[in-house]
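# Chains, contacts and geometry: an overview
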Amino acid sequence: MHTVVFVPVYLLLVTPITTSWWAAGSNVVLDPKQICKKSRKFNDKMDKICNGKTKLLEFISHGVALGESECQYQFRFRKWNCTSARRSMRKVLLRDTRETGFVNAITAAAVTYEITKACTKGDLKNCFCDRKYNKNSKKNKMKGVKLPDGEWKWGGCGDNINYGFRKSKDFMDTRYKKKSDMKTLLKLHNYKAGRLAIKNHMTTECKCHGLSGSCNVKTCWRKMPLFREVGNRLKEHFDGAAKVIAGNDGHSFIPEGETIKSPGEEDLVYSEDTPNYCKLNRTIGSFGTGGRECNPTSQGEEGCDILCCNRGHTTRKETEERSCNCEFVYCCEVQCQTCRSDKNVSTCV
Ligand SMILES: *[C@@H]1O[C@H](CO)[C@@H](O)[C@H](O)[C@H]1NC(C)=O
Ligand SMILES: *[C@@H]1O[C@H](CO)[C@@H](O)[C@H](O)[C@H]1NC(C)=O
Ligand SMILES: *[C@@H]1O[C@H](CO)[C@@H](O)[C@H](O)[C@H]1NC(C)=O
(Lines give C-alpha, C1' and ligand atoms only; values in the text may rest on other atoms or scores of the structure.)
(Ligands and ions follow the chains in the order given, each with its own letter.)
Protein backbone atom coordinates (compact mmCIF):
# COMPACT_ATOMS: atom_id res chain seq x y z
CA MET A 1 0.00 0.00 0.00
CA HIS A 2 1.10 3.54 -0.63
CA THR A 3 -0.59 6.84 -0.23
CA VAL A 4 -1.35 9.42 -2.81
CA VAL A 5 -2.09 12.86 -1.50
CA PHE A 6 -4.92 14.65 -3.24
CA VAL A 7 -3.56 17.09 -5.76
CA PRO A 8 -5.96 19.58 -7.30
CA VAL A 9 -6.72 18.48 -10.83
CA TYR A 10 -5.61 21.72 -12.43
CA LEU A 11 -2.05 21.17 -11.21
CA LEU A 12 -1.91 17.85 -12.99
CA LEU A 13 -3.09 19.39 -16.22
CA VAL A 14 -0.31 21.93 -16.39
CA THR A 15 2.57 20.34 -18.19
CA PRO A 16 5.87 21.97 -17.40
CA ILE A 17 7.44 23.66 -20.37
CA THR A 18 11.16 23.17 -20.40
CA THR A 19 12.31 24.66 -23.64
CA SER A 20 9.75 26.56 -25.55
CA TRP A 21 9.65 28.02 -29.05
CA TRP A 22 9.27 31.23 -27.18
CA ALA A 23 12.29 31.01 -25.01
CA ALA A 24 14.49 30.30 -27.96
CA GLY A 25 15.15 34.00 -28.38
CA SER A 26 15.60 34.17 -32.10
CA ASN A 27 13.63 36.15 -34.61
CA VAL A 28 13.00 33.00 -36.59
CA VAL A 29 11.49 31.11 -33.73
CA LEU A 30 8.44 32.88 -32.34
CA ASP A 31 9.55 34.93 -29.40
CA PRO A 32 7.08 37.63 -28.34
CA LYS A 33 9.67 39.82 -26.69
CA GLN A 34 11.81 39.82 -29.80
CA ILE A 35 8.79 40.41 -31.98
CA CYS A 36 7.73 43.32 -29.80
CA LYS A 37 11.20 44.82 -29.76
CA LYS A 38 11.44 44.77 -33.53
CA SER A 39 7.98 46.06 -34.28
CA ARG A 40 7.33 48.61 -31.60
CA LYS A 41 8.67 51.70 -33.24
CA PHE A 42 6.77 51.50 -36.48
CA ASN A 43 3.47 49.87 -35.80
CA ASP A 44 0.47 50.98 -33.85
CA LYS A 45 -1.39 47.65 -33.71
CA MET A 46 1.70 45.92 -32.40
CA ASP A 47 2.32 48.69 -29.94
CA LYS A 48 -1.13 48.18 -28.45
CA ILE A 49 -0.30 44.53 -27.81
CA CYS A 50 3.31 45.05 -26.75
CA ASN A 51 2.98 48.01 -24.40
CA GLY A 52 1.83 45.82 -21.53
CA LYS A 53 -1.47 47.58 -20.93
CA THR A 54 -3.44 44.59 -22.10
CA LYS A 55 -2.80 41.04 -20.99
CA LEU A 56 -2.74 39.87 -24.57
CA LEU A 57 0.95 39.08 -24.61
CA GLU A 58 0.47 36.64 -21.76
CA PHE A 59 -2.21 34.71 -23.65
CA ILE A 60 -0.23 34.86 -26.85
CA SER A 61 2.57 33.03 -25.06
CA HIS A 62 0.12 30.49 -23.66
CA GLY A 63 -0.93 29.99 -27.26
CA VAL A 64 2.58 29.35 -28.48
CA ALA A 65 3.09 26.78 -25.71
CA LEU A 66 -0.22 25.11 -26.59
CA GLY A 67 0.76 24.97 -30.27
CA GLU A 68 4.07 23.44 -29.35
CA SER A 69 2.62 20.67 -27.20
CA GLU A 70 -0.09 19.88 -29.74
CA CYS A 71 2.53 19.71 -32.50
CA GLN A 72 4.54 17.26 -30.40
CA TYR A 73 1.44 15.18 -29.77
CA GLN A 74 0.51 15.05 -33.45
CA PHE A 75 4.03 14.11 -34.50
CA ARG A 76 4.96 11.81 -31.62
CA PHE A 77 5.31 8.78 -33.88
CA ARG A 78 6.91 10.53 -36.85
CA LYS A 79 10.55 10.77 -37.81
CA TRP A 80 10.39 14.50 -37.30
CA ASN A 81 8.71 14.77 -33.92
CA CYS A 82 8.38 18.54 -33.61
CA THR A 83 11.11 18.72 -31.04
CA SER A 84 11.35 22.16 -29.49
CA ALA A 85 15.15 22.05 -29.30
CA ARG A 86 16.21 25.39 -30.70
CA ARG A 87 18.90 24.01 -32.99
CA SER A 88 16.23 21.94 -34.66
CA MET A 89 13.15 24.19 -34.73
CA ARG A 90 15.20 27.11 -36.01
CA LYS A 91 16.27 25.08 -39.00
CA VAL A 92 12.74 23.88 -39.65
CA LEU A 93 11.36 27.40 -39.60
CA LEU A 94 14.04 28.67 -41.97
CA ARG A 95 12.75 26.30 -44.66
CA ASP A 96 9.41 26.04 -46.42
CA THR A 97 8.55 22.39 -46.00
CA ARG A 98 5.28 20.79 -44.91
CA GLU A 99 6.69 20.73 -41.40
CA THR A 100 7.31 24.49 -41.50
CA GLY A 101 3.75 24.96 -42.70
CA PHE A 102 2.34 22.85 -39.91
CA VAL A 103 4.28 24.65 -37.19
CA ASN A 104 3.14 28.02 -38.52
CA ALA A 105 -0.49 26.92 -38.80
CA ILE A 106 -0.73 25.29 -35.39
CA THR A 107 0.95 28.27 -33.75
CA ALA A 108 -1.45 30.78 -35.31
CA ALA A 109 -4.38 28.52 -34.41
CA ALA A 110 -3.25 28.11 -30.81
CA VAL A 111 -2.69 31.85 -30.35
CA THR A 112 -6.20 32.48 -31.72
CA TYR A 113 -7.56 29.82 -29.41
CA GLU A 114 -5.96 31.12 -26.23
CA ILE A 115 -6.94 34.73 -26.89
CA THR A 116 -10.52 33.71 -27.63
CA LYS A 117 -10.67 31.54 -24.52
CA ALA A 118 -9.29 34.34 -22.35
CA CYS A 119 -11.91 36.68 -23.77
CA THR A 120 -14.74 34.27 -22.97
CA LYS A 121 -13.47 33.81 -19.43
CA GLY A 122 -13.43 37.58 -18.95
CA ASP A 123 -9.65 37.81 -18.59
CA LEU A 124 -9.23 40.52 -21.21
CA LYS A 125 -10.31 44.11 -21.14
CA ASN A 126 -12.07 45.43 -24.23
CA CYS A 127 -13.30 42.04 -25.25
CA PHE A 128 -16.70 40.50 -24.67
CA CYS A 129 -18.57 37.30 -25.30
CA ASP A 130 -19.99 36.97 -28.75
CA ARG A 131 -23.57 38.19 -28.57
CA LYS A 132 -23.81 39.20 -32.19
CA TYR A 133 -25.82 36.10 -32.91
CA ASN A 134 -28.50 37.30 -30.50
CA LYS A 135 -29.30 40.41 -32.43
CA ASN A 136 -29.35 38.93 -35.86
CA SER A 137 -31.23 35.93 -34.56
CA LYS A 138 -32.00 33.07 -36.87
CA LYS A 139 -32.41 35.38 -39.82
CA ASN A 140 -28.67 35.77 -39.86
CA LYS A 141 -27.36 33.90 -42.84
CA MET A 142 -24.69 31.77 -41.32
CA LYS A 143 -22.71 29.88 -43.86
CA GLY A 144 -22.47 26.21 -43.02
CA VAL A 145 -23.67 26.64 -39.45
CA LYS A 146 -25.77 23.73 -38.29
CA LEU A 147 -28.59 25.13 -36.18
CA PRO A 148 -30.25 23.18 -33.39
CA ASP A 149 -33.67 21.58 -33.82
CA GLY A 150 -36.80 22.76 -32.05
CA GLU A 151 -37.46 25.97 -30.15
CA TRP A 152 -34.39 27.92 -29.14
CA LYS A 153 -32.76 31.34 -29.09
CA TRP A 154 -29.24 32.70 -29.06
CA GLY A 155 -27.96 33.48 -25.59
CA GLY A 156 -25.25 32.74 -23.10
CA CYS A 157 -21.63 33.64 -23.71
CA GLY A 158 -20.41 32.66 -27.15
CA ASP A 159 -16.72 32.37 -27.98
CA ASN A 160 -15.67 35.60 -29.66
CA ILE A 161 -13.64 33.95 -32.38
CA ASN A 162 -13.51 37.11 -34.47
CA TYR A 163 -11.63 38.88 -31.69
CA GLY A 164 -9.14 36.04 -31.27
CA PHE A 165 -8.70 35.79 -35.03
CA ARG A 166 -8.04 39.52 -35.36
CA LYS A 167 -5.60 39.81 -32.47
CA SER A 168 -3.65 36.75 -33.56
CA LYS A 169 -3.43 38.31 -37.01
CA ASP A 170 -2.39 41.71 -35.65
CA PHE A 171 0.42 40.14 -33.68
CA MET A 172 1.67 37.55 -36.11
CA ASP A 173 1.00 39.01 -39.56
CA THR A 174 1.40 42.76 -39.26
CA ARG A 175 5.16 42.82 -39.46
CA TYR A 176 5.07 41.02 -42.83
CA LYS A 177 2.57 43.39 -44.37
CA LYS A 178 4.95 45.02 -46.81
CA LYS A 179 6.62 41.83 -47.95
CA SER A 180 5.53 39.57 -50.77
CA ASP A 181 8.39 37.11 -51.17
CA MET A 182 7.51 33.41 -51.38
CA LYS A 183 8.47 32.66 -47.81
CA THR A 184 6.20 35.39 -46.48
CA LEU A 185 3.30 34.40 -48.74
CA LEU A 186 3.46 30.79 -47.57
CA LYS A 187 3.77 31.80 -43.95
CA LEU A 188 0.76 34.13 -44.07
CA HIS A 189 -1.31 31.56 -45.95
CA ASN A 190 -0.55 28.86 -43.37
CA TYR A 191 -1.19 31.22 -40.45
CA LYS A 192 -4.62 31.90 -41.89
CA ALA A 193 -5.27 28.22 -42.56
CA GLY A 194 -4.51 27.59 -38.89
CA ARG A 195 -6.95 30.25 -37.69
CA LEU A 196 -9.65 29.01 -40.05
CA ALA A 197 -9.25 25.50 -38.64
CA ILE A 198 -11.03 27.02 -35.63
CA LYS A 199 -13.19 29.75 -37.12
CA ASN A 200 -14.77 27.60 -39.83
CA HIS A 201 -15.46 24.78 -37.40
CA MET A 202 -17.24 26.41 -34.52
CA THR A 203 -19.98 24.34 -32.94
CA THR A 204 -23.28 25.29 -31.36
CA GLU A 205 -23.91 24.39 -27.74
CA CYS A 206 -27.26 24.70 -26.02
CA LYS A 207 -28.69 24.66 -22.54
CA CYS A 208 -32.22 23.86 -21.50
CA HIS A 209 -34.27 25.98 -19.14
CA GLY A 210 -37.79 25.48 -17.93
CA LEU A 211 -39.54 23.41 -15.32
CA SER A 212 -37.68 20.30 -14.23
CA GLY A 213 -35.62 19.97 -17.36
CA SER A 214 -38.63 20.18 -19.64
CA CYS A 215 -36.54 22.16 -22.09
CA ASN A 216 -39.28 24.70 -22.76
CA VAL A 217 -36.69 27.31 -23.44
CA LYS A 218 -33.36 26.51 -25.00
CA THR A 219 -30.52 29.01 -25.34
CA CYS A 220 -27.60 28.36 -27.63
CA TRP A 221 -24.20 29.86 -28.22
CA ARG A 222 -21.22 29.37 -30.50
CA LYS A 223 -18.26 27.47 -29.14
CA MET A 224 -14.77 26.68 -30.37
CA PRO A 225 -13.90 23.04 -31.10
CA LEU A 226 -11.52 21.30 -28.68
CA PHE A 227 -7.94 22.15 -29.51
CA ARG A 228 -7.16 18.45 -30.00
CA GLU A 229 -9.72 18.48 -32.84
CA VAL A 230 -8.01 21.53 -34.32
CA GLY A 231 -4.70 19.66 -34.13
CA ASN A 232 -6.19 16.58 -35.79
CA ARG A 233 -7.66 18.70 -38.56
CA LEU A 234 -4.37 20.49 -39.23
CA LYS A 235 -2.56 17.15 -39.22
CA GLU A 236 -4.92 16.00 -41.99
CA HIS A 237 -4.13 19.18 -43.87
CA PHE A 238 -0.43 18.44 -43.36
CA ASP A 239 -0.91 15.04 -45.00
CA GLY A 240 -2.76 16.64 -47.91
CA ALA A 241 -0.65 19.80 -48.16
CA ALA A 242 -0.22 21.38 -51.59
CA LYS A 243 3.18 21.98 -53.11
CA VAL A 244 3.36 25.39 -54.77
CA ILE A 245 5.77 27.50 -56.80
CA ALA A 246 6.04 31.25 -57.28
CA GLY A 247 3.57 32.75 -59.73
CA ASN A 248 4.65 34.97 -62.62
CA ASP A 249 3.42 38.21 -61.04
CA GLY A 250 5.93 37.88 -58.22
CA HIS A 251 3.43 38.15 -55.40
CA SER A 252 1.38 34.98 -55.56
CA PHE A 253 1.91 31.25 -55.72
CA ILE A 254 0.45 28.55 -57.94
CA PRO A 255 0.29 24.76 -57.63
CA GLU A 256 3.43 23.02 -58.78
CA GLY A 257 1.62 20.67 -61.14
CA GLU A 258 -0.62 22.21 -63.80
CA THR A 259 -3.37 19.68 -63.22
CA ILE A 260 -3.55 20.24 -59.49
CA LYS A 261 -6.28 22.56 -58.27
CA SER A 262 -5.29 25.67 -56.39
CA PRO A 263 -5.04 25.22 -52.64
CA GLY A 264 -8.04 26.55 -50.71
CA GLU A 265 -7.85 28.88 -47.73
CA GLU A 266 -7.80 26.02 -45.24
CA ASP A 267 -5.18 23.95 -47.06
CA LEU A 268 -1.56 24.00 -45.98
CA VAL A 269 1.04 24.93 -48.57
CA TYR A 270 4.77 24.31 -48.91
CA SER A 271 7.43 24.74 -51.54
CA GLU A 272 10.28 22.49 -50.41
CA ASP A 273 10.33 18.74 -50.00
CA THR A 274 10.81 17.33 -46.52
CA PRO A 275 14.47 16.49 -45.97
CA ASN A 276 15.56 13.09 -44.70
CA TYR A 277 15.07 12.99 -40.95
CA CYS A 278 16.41 9.45 -40.61
CA LYS A 279 19.96 10.37 -39.73
CA LEU A 280 21.61 12.98 -37.59
CA ASN A 281 22.06 16.03 -39.80
CA ARG A 282 22.75 19.44 -38.32
CA THR A 283 22.11 21.29 -41.57
CA ILE A 284 18.43 20.44 -41.38
CA GLY A 285 18.17 20.18 -37.59
CA SER A 286 17.63 16.42 -37.64
CA PHE A 287 18.53 14.35 -34.59
CA GLY A 288 17.91 11.09 -36.44
CA THR A 289 15.56 8.38 -35.22
CA GLY A 290 18.10 6.27 -33.31
CA GLY A 291 16.74 5.49 -29.85
CA ARG A 292 13.16 6.40 -30.72
CA GLU A 293 10.45 4.04 -29.52
CA CYS A 294 8.63 2.23 -32.33
CA ASN A 295 5.85 -0.30 -32.77
CA PRO A 296 7.12 -3.58 -34.24
CA THR A 297 3.68 -4.77 -35.33
CA SER A 298 2.61 -1.61 -37.17
CA GLN A 299 3.11 -0.92 -40.85
CA GLY A 300 2.46 2.80 -40.40
CA GLU A 301 4.63 5.79 -39.58
CA GLU A 302 5.09 4.59 -36.00
CA GLY A 303 6.08 1.08 -37.15
CA CYS A 304 9.71 0.09 -36.62
CA ASP A 305 10.28 -0.41 -40.35
CA ILE A 306 9.43 3.16 -41.28
CA LEU A 307 10.46 5.00 -38.12
CA CYS A 308 13.83 3.25 -37.96
CA CYS A 309 14.39 3.77 -41.70
CA ASN A 310 15.01 0.02 -42.13
CA ARG A 311 18.03 0.09 -39.83
CA GLY A 312 16.33 -2.35 -37.50
CA HIS A 313 15.31 -2.17 -33.86
CA THR A 314 15.97 -3.83 -30.53
CA THR A 315 13.39 -4.94 -28.01
CA ARG A 316 13.79 -5.07 -24.29
CA LYS A 317 11.48 -6.08 -21.50
CA GLU A 318 10.44 -3.35 -19.15
CA THR A 319 8.50 -3.64 -15.96
CA GLU A 320 5.87 -0.99 -15.66
CA GLU A 321 4.61 0.13 -12.28
CA ARG A 322 1.36 1.91 -11.86
CA SER A 323 -1.13 2.73 -9.16
CA CYS A 324 -4.13 0.49 -9.06
CA ASN A 325 -7.06 -0.57 -6.90
CA CYS A 326 -7.25 2.92 -5.48
CA GLU A 327 -9.57 3.59 -2.59
CA PHE A 328 -10.69 6.84 -1.05
CA VAL A 329 -9.91 6.95 2.66
CA TYR A 330 -11.74 9.46 4.86
CA CYS A 331 -10.47 12.20 4.81
CA CYS A 332 -8.70 13.10 2.32
CA GLU A 333 -6.43 10.49 0.99
CA VAL A 334 -6.43 8.01 -1.80
CA GLN A 335 -4.70 4.73 -1.06
CA CYS A 336 -3.45 2.64 -3.90
CA GLN A 337 -1.62 -0.58 -4.50
CA THR A 338 1.25 -0.82 -6.90
CA CYS A 339 0.65 -3.12 -9.82
CA ARG A 340 3.47 -4.35 -12.02
CA SER A 341 3.23 -5.58 -15.54
CA ASP A 342 5.78 -6.47 -18.15
CA LYS A 343 5.88 -4.86 -21.53
CA ASN A 344 8.18 -5.08 -24.48
CA VAL A 345 9.70 -1.82 -25.58
CA SER A 346 11.19 -1.55 -29.05
CA THR A 347 13.59 1.18 -30.03
CA CYS A 348 15.34 2.03 -33.28
CA VAL A 349 19.04 1.25 -33.55
C1 LIG B 1 22.04 16.84 -44.61
O2 LIG B 1 20.90 17.34 -45.31
C3 LIG B 1 21.21 18.08 -46.46
C4 LIG B 1 19.90 18.68 -46.99
O5 LIG B 1 18.94 17.68 -47.18
C6 LIG B 1 21.91 17.17 -47.47
O7 LIG B 1 22.24 17.92 -48.63
C8 LIG B 1 23.16 16.61 -46.84
O9 LIG B 1 23.77 15.67 -47.72
C10 LIG B 1 22.83 15.92 -45.52
N11 LIG B 1 24.04 15.53 -44.83
C12 LIG B 1 24.27 14.30 -44.41
C13 LIG B 1 25.54 14.08 -43.66
O14 LIG B 1 23.50 13.39 -44.60
C1 LIG C 1 11.99 13.63 -30.36
O2 LIG C 1 12.99 12.79 -30.83
C3 LIG C 1 14.25 12.97 -30.23
C4 LIG C 1 15.25 12.04 -30.88
O5 LIG C 1 15.18 12.10 -32.26
C6 LIG C 1 14.15 12.70 -28.74
O7 LIG C 1 15.39 12.96 -28.12
C8 LIG C 1 13.09 13.60 -28.13
O9 LIG C 1 12.88 13.27 -26.77
C10 LIG C 1 11.78 13.49 -28.87
N11 LIG C 1 10.93 14.55 -28.40
C12 LIG C 1 9.64 14.40 -28.15
C13 LIG C 1 8.90 15.59 -27.69
O14 LIG C 1 9.08 13.35 -28.29
C1 LIG D 1 7.55 -9.89 -24.93
O2 LIG D 1 8.35 -10.66 -25.81
C3 LIG D 1 8.55 -11.99 -25.38
C4 LIG D 1 9.58 -12.67 -26.32
O5 LIG D 1 9.31 -12.35 -27.65
C6 LIG D 1 7.20 -12.72 -25.39
O7 LIG D 1 7.36 -14.06 -24.98
C8 LIG D 1 6.26 -11.99 -24.43
O9 LIG D 1 4.97 -12.58 -24.48
C10 LIG D 1 6.16 -10.50 -24.78
N11 LIG D 1 5.46 -9.81 -23.72
C12 LIG D 1 4.45 -8.99 -23.93
C13 LIG D 1 3.85 -8.37 -22.72
O14 LIG D 1 4.03 -8.74 -25.05
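Going by the structure above, here's the rest.
The paragraphs below set out a description of the structure included in this document. Because the structure is a prediction, the values reported are computed rather than measured. (Residues numbered from 1 in each chain as written. Chains lettered and ligands numbered in written order. Predicted model: local features only at pLDDT ≥ 70, side-chain atom pairs only at ≥ 80, totals over all residues. Heavy atoms only, no water.)

### Considering the sheet that holds strand 6 (residues 253-255)
Spatially, 6-5-7 is the arrangement adopted by the three strands of the open sheet, whose pairing is mixed. Lying at the two open borders of the sheet, with one neighbouring strand each, are strand 6 and strand 7 (269-270). (Pairing = 2+ DSSP bridges. Helix = DSSP H or I, 4+ residues; strand = E, 2+ residues; numbered from the N terminus.)

### Quick word on the side chain of Asn-160
Considering the arrangement of structural elements, one finds Asn-160 in the loop between strand 2 (153-154) and helix 8 (161-173). Assessed through its relative accessible area of 15%, Asn-160 is described here as buried. Once residues within four sequence positions are removed from consideration, Asn-160 is found in contact with Thr-116, Cys-119, Thr-120, Cys-127, Phe-128, Cys-129 and Asp-130. (Buried < 20%, exposed > 50% of the residue type's maximum accessible area, 1.4 Å probe, protein only. Contact = heavy atoms within 4.5 Å.)

### Comments concerning the state of the cysteines
Taken as a whole, this structure holds 10 disulfides when the rule is applied. At a sulfur-sulfur separation of 1.7 Å, the disulfide partner of Cys-129 is Cys-157. Handedness of the Cys-129-Cys-157 disulfide follows from its S-S torsion of about -75°: it is left-handed. With Cys-129 in the loop between helix 6 (98-121) and helix 7 (132-136) and Cys-157 in the loop between strand 2 and helix 8, this residue pair connects regions lying 28 residues apart in the sequence. (Disulfide = S-S within 2.5 Å.)

### Looking at the environment of Thr-174
Its location among the elements puts Thr-174 in the loop between helix 8 and helix 9 (182-199). For Thr-174, the side chain forms a polar contact with the main-chain oxygen of Asp-170, separated by 2.5 Å. (Polar contact = N/O pair within 3.5 Å; in protein donor to acceptor, adjacent residues only side chain to side chain.)

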